[in-house]
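Observations on the model geometry
Letter by letter, the chains look like this.
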Amino acid sequence: MNYQPLIVVVDDNHRILENFQDASAGQNVNIEVFETWDLAQQYLESIEGVDGLILDAKGKLTADRQESEAHLQQALKWVSKQEGKNRIIPYAIHTAYYDDLDTFSEELAAGKMFKKRPNSEAQVLDFLKTEIEKTPKLKIINQYPEPFQCFGSKYLDRRYENLLLSIIQVLENDQLTNPEDLLFNPCRILLERVFEKINEVDEIVLPYALLNFDDQRVGLVNCSKYLSGLAVTIRVDRESIEYKRRKYWEDHLSQQVQTIIKVCHPASHDIQKYSSYTFKSVLWATFDILIWLKQFIDERK
């Protein structure tokens, strides 16, 4: 898969964790490792972008607890609860006790259990990558691969990836009943983050002063005008300062940003004025900007 999934590995054996980190290098996956379930759970609940989970059958719930199957029981209960919240996280069990786990015969029969042996880590990663490909999330990402390449690693944080996923799900389900939470505001938030990222990557292109935070919101109009080659005047310590540069964006990008800005705010207050086609135009514009941002970042490696 082109998409680079994020997989969490939990095992109290530090060597096994290192093996997974080594195996991930050739598997196009990102790995986060933890020695106890409590730390892994904290991480899983702090970030929505985790795609898969690898568990030891007899691990530690906490650092001061002995190894036991309680580690796996607790983890599987947590995974089940996530399914009730429409969060699907495929998992695999990687264990030295492959033949002695009658309690988890269902997981064994489903092919989710793997015996620890030399190079077994690569086999587990291969299995999880296949399972991740079947999730609703990956079906959407595979349908629109280009904009989703702008999340993770040096690009936008994965929590913004989930914003885009929720927007697309609204589109596909024709559920335009809650535009403020599920529609136009998320597009605005993504655009704000794009401008912040431009500044982080190259402040010469977009000076920090132009972000002009107002109630924690980026000044979208100022940023858009500046990158389009128009003069922007801002107040700094009671002094008016004019910022202007040669047009940086091509005309079609400027127009796409204007579509997002001019529709998002009014539409979030009165959805009835807008058809689903207006929403689609905002989504396609957001796609274009994300595709451009990835190229912008890649050019500055």
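Everything here concerns the structure above.
I will try to describe carefully the structure that is included in this document. (Residues numbered from 1 in each chain as written. Predicted model: local features only at pLDDT ≥ 70, side-chain atom pairs only at ≥ 80, totals over all residues. Heavy atoms only, no water.)

Structural notes on the environment of L211
For L211, the location among the structural elements is in the loop between α10 (184-201) and α11 (220-227). For the pair L211 and N222, spaced 11 residues apart in the sequence, the C-alpha separation amounts to 7.5 Å. (Helix = DSSP H or I, 4+ residues; strand = E, 2+ residues; numbered from the N terminus.)

Details of the pattern of salt bridges
One pass over the full model with this rule turns up 16 salt bridges. We note a salt bridge from D251 to K247, for which the minimum N-O separation is 2.8 Å. When salt bridges with common partners are traced through the structure, they connect D51, K137, R158 and E161 into a single cluster. (Salt bridge = Lys/Arg side-chain N within 4 Å of Asp/Glu carboxyl O.)

Brief notes about the sheet that holds strand β3 (residues 52-55)
A sheet is described by the order of its strands in space; here five strands give the open sequence β2-β1-β3-β4-β5, paired in parallel fashion. The open sheet has two free edges, formed respectively by β2 (30-34) and β5 (113-115), since each of these has just one partner strand. Taken pair by pair, the neighbouring strands of this sheet meet at an average axis angle of 20°, ignoring direction. Sheet topology note: the strand β1 (residues 6-10)/β3 ladder contains four bridges and is parallel. (Pairing = 2+ DSSP bridges. Axes fitted to C-alpha atoms, helices over the stretch in contact; angles between N-to-C directions.)

A closer look at the packing of aromatic side chains
In this structure the tally under the stated criterion is 11 aromatic pairs. Plain terms: the ring middles of W37 and W78 are 6.0 Å apart, the flat faces sit at 70° to each other, and that makes the pair edge-to-face. Note that W37 is positioned in helix α2 (residues 37-46) and W78 in helix α3 (residues 70-84), a separation of 41 residues in sequence. Each member of the pair W37 and W78 is classed as buried. When the ring of F148 is compared with that of F151, the centres are 6.0 Å apart and the planes differ by 45°; the resulting orientation is tilted. Taking the relative accessible area as the measure of exposure, F148 reaches 3% and is therefore buried. The exposure class of F151 is buried, given its relative accessible area of 6%. Clustering of aromatic rings is evident, with ring pairs tying together F195, Y248, W249, W292 and F296. (Phe/Tyr/Trp six-rings, centres within 6.5 Å; stacked < 30°, edge-to-face > 60°. Buried < 20%, exposed > 50% of the residue type's maximum accessible area, 1.4 Å probe, protein only.)

Quick notes on the nonpolar core
F148, L164, F195, I198, L206 and L293 are the most contacted members of the largest nonpolar core, which totals 68 residues. Top element by residues in this core is helix α13 (residues 276-298). It accounts for 11 residues. Ignoring sequence-local partners within four residues, the contact set of L206 consists of F195, I198, N199, L211, C223, Y226 and L227. In terms of nonpolar packing, the next biggest core, distinct from the first, is built from 24 residues, V10, V50, L72 and V79 among them. (Core = buried A, V, L, I, M, F, W, Y, C linked by side-chain atoms within 4.5 Å. Contact = heavy atoms within 4.5 Å.)

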